[in-house]
Amino acid sequence: MRTLCLSALIGLSLCLPARSEPAFRKHVIDSEFRAEAVAAADINRDGRLDLVAGECWYESPDFKPHKFRTVEMRDGYADVRFDVPEDINGDGWIDIATCHRGPVLEWLENPKGEDRLWTGHKVGESVSTEPMIFVDLDGDGRGDYVGATEPRDITGCALGWWKPGVDPRPSWTMQVIGKQIGCDHGIGVGDINRDGRLDVLTGRAYYEAPAKPANGWKRYPFERSLTHQAVVCDFDGDGDQDVAGGCPHDYGLFWYEQVPGPEGKKRPFARHTIDGSISQLHALVTADIDGDGDLDLVTGKRYKAHAGGDPGTDDPALLVWYELTRKDGKATFTRHVIDDDSGVGYAVSAVDFDGDGDVDVLVSNKKGVFFFEQTGKHEMLPLFDGKTLDNWIGDKTLWRVENGAIVGRTETGLKHNSFLVTRDHYDNFVLTLDVKLVPDNANSGIQFRSAPREDGECVGYQADIGQKYWGSIYEEQGRGMLHSGFEGKGEFARIPEAWNHYVVYAVGDELRVEINGTVCTDIRDSKTATGVIGLQVHSGGPTDVWFRNIRLRKTEKH
């Protein structure tokens, strides 16, 4: 991609792509090297995301720096590997889970609006903090540390898991997941076997999570060479999970396709090269950059990662995203350059930082601290503001807002379906949202190109939610089931009683439904060309159905 860059204000440049695609405006938040970790969080509870990098958090919208800790510089590196925002002590204020270059893990307690240094609480120590992440591993709603450790009863490096106690200040317990991982790059988590639990990936194997985390984790060899920050996603949409990772000390970004294997054996992975022209890829995340409903990749070169010792160390510090395209069961990735003079650090953050409905990118490294504001033309409409039902019509005794989500709830059961519908009509679009259904044997759905009736029913297409029907397309009050999914792929793709990411694609006569990256239904039908979006609480019950992050991108008919 050719990019024309125009200088604008000091600390600001505007990049104009030569063809229509998401564009980014570069904001230099700090021109000094502060750290190679970066995060976005509402530190002061004013409703806006702030930026965390190094010793400071930068207050939006003017990015006023507030020093909240001291970060040492050692041999040209900042003594922090990552920062993850979370309300660790449950007091309603965002704290920071951090990891030093070695060996200390600690979390920093937000002083509830006081402009002073934050109190640190030690979690434990790691023999190597480069393979270290902070994630809710057991699904209890609280973050855990996962990474390299060296217990007294084990010779060599092991994979450990640090879990907080009831009071996270004095007590975290460490449990060994695997006894032999090596202490190199390559840690990641994801539901490899789609059983609803997070598995842990290292550079040499992955560990399958047991039903009870205290039980033994099964180890399966998985040689990804030396790739960093593995991400798990069904890239090709075939119903099983794939993996992507980049080389931290050499050239190359790769994805590993899960392919059929011998009967009764674990499915092997086939390696594919995405890009062999960028080196030192230390950070990798997935995000829907172009708003088309699937997850793209965001990564870049870590500038001067190892004091000039790696191949390509003097190449341009590229920050890039790779557009995922699926066709005929195959995945392809197209590279787009966001910037050629920044790159990434240990981390890269892809988040809607300015709250305008699209994905922005944050990085911090030896070149400075940067916010890349997406300014592309595609229109992302947040159909739900996370707070009110002002733009929706329905029975408000059944529908409410809780914890930033729309909740349809019936505690005693319903005789008839209930629908919450948008005030506006939509014709050609990509709709994305997260859905959680409790209990798993309940039923719900997402109406599109539909018409509400005076009796409270809704007529039109429905992306189905519920046991035996996940990801199917049904015509409510019409022809019934139009397509029951590709051999039950929706059942395989969904995670029971947890958040599932839905994509509903309606452009012209093509109708497609995806769950967690898996294409469940793809049909042609032209009966209805426009209508409302609707959410359903099905008759029967009791039922809880939750919807969040509801966004729609208008598109043109092919």
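All of the points below concern the structure found in this document. Just so it is clear, the structure is predicted and the values come from calculations on it, not from any experiment.

The rules behind each value
- Residues numbered from 1 in each chain as written.
- Predicted model: local features only at pLDDT ≥ 70, side-chain atom pairs only at ≥ 80, totals over all residues.
- Heavy atoms only, no water.
- Helix = DSSP H or I, 4+ residues; strand = E, 2+ residues; numbered from the N terminus.
- Rg over C-alpha atoms; globule rule 2.2 N^0.38 Å.
- Buried < 20%, exposed > 50% of the residue type's maximum accessible area, 1.4 Å probe, protein only.
- Core = buried A, V, L, I, M, F, W, Y, C linked by side-chain atoms within 4.5 Å.
- Pairing = 2+ DSSP bridges.
- Axes fitted to C-alpha atoms, helices over the stretch in contact; angles between N-to-C directions.
- Salt bridge = Lys/Arg side-chain N within 4 Å of Asp/Glu carboxyl O.
- Polar contact = N/O pair within 3.5 Å; in protein donor to acceptor, adjacent residues only side chain to side chain.

**Some points on the overall build of the chain**
So, step 1. Tallying secondary structure elements over the chain gives one helix and 47 strands in all.
So, step 2. Its C-alpha atoms give the chain a radius of gyration of 24 Å, near enough to 24 Å, the size a compact globule of 558 residues would have.
So, step 3. By principal-axis analysis of the C-alpha atoms, the chain measures approximately 70 × 60 × 50 Å.
So, step 4. Evaluated residue by residue, the chain yields a buried proportion of 56% over its 558 residues.

**Let's talk about the nonpolar core**
So, step 1. I406, L431, F448, Y502, F547 and I550 are the most contacted members of the largest nonpolar core, which totals 40 residues.
So, step 2. Elements with a contribution of two residues or more to this core: β38 (429–438), β39 (443–452), β40 (458–466), β43 (500–507), β44 (510–515), β45 (518–524), β46 (532–537) and β47 (543–554).
So, step 3. The dominant element in this core, judged by the number of residues it contributes, is β38, at five residues.
So, step 4. Counting 17 residues, the second-largest nonpolar core is a separate cluster that includes F235, A244, I274 and L281.

**Quick look at the sheet that holds strand β25 (residues 269–279)**
So, step 1. Pairing is antiparallel across the open sheet formed by four strands, whose spatial order is β22-β23-β24-β25. In the strand order of this sheet, the two ends are held by β22 (228–233) and β25, each with one partner. Neighbour-to-neighbour, the strand axes of the sheet open up by a mean angle of 15°, direction not taken into account.
So, step 2. Pairing between β22 and strand β23 (residues 242–246): four bridges, direction antiparallel. Paired with H228 across the two strands is G246, which belongs to β23.

**Focus on the pattern of salt bridges**
So, step 1. Taken as a whole, this structure holds 33 salt bridges when the rule is applied.
So, step 2. Measuring nitrogen to oxygen at the nearest pair gives 3.3 Å for the salt bridge that ties E373 to R25. Pair noted here: E373 is in strand β32 (residues 368–374) and R25 is in strand β3 (residues 24–30), with a separation of 348 residues, a long-range link.
So, step 3. Classification of R25 as partly exposed rests on a relative accessible area of 25%.
So, step 4. Across the salt bridge formed by R74 and E72, the nearest N and O atoms sit 3.3 Å from each other.
So, step 5. One continuous salt-bridge network, built from bridges that share partners, spans R326, D509, E510, R512, E514 and R524.

**Quick look at the side chain of D79**
So, step 1. Within the element layout of this structure, D79 appears in the loop between β9 (77–78) and β10 (82–86).
So, step 2. Given a relative accessible area of 8%, D79 falls into the buried group.
So, step 3. Here the side chain of D79 touches R101 through a polar contact of 3.0 Å, landing on its backbone nitrogen.

**Thoughts on the pairing of strand β28 (residues 319–327)**
So, step 1. Both strand β27 (residues 296–300) and β28 contribute to a ladder of four bridges, which runs antiparallel. Note on β28: the bridge partner recorded for G300 is L319.
So, step 2. Between β28 and strand β29 (residues 330–339), which pair antiparallel and follow one another directly, the connecting turn spans two residues, one of which, D328, has a positive phi of 55°.

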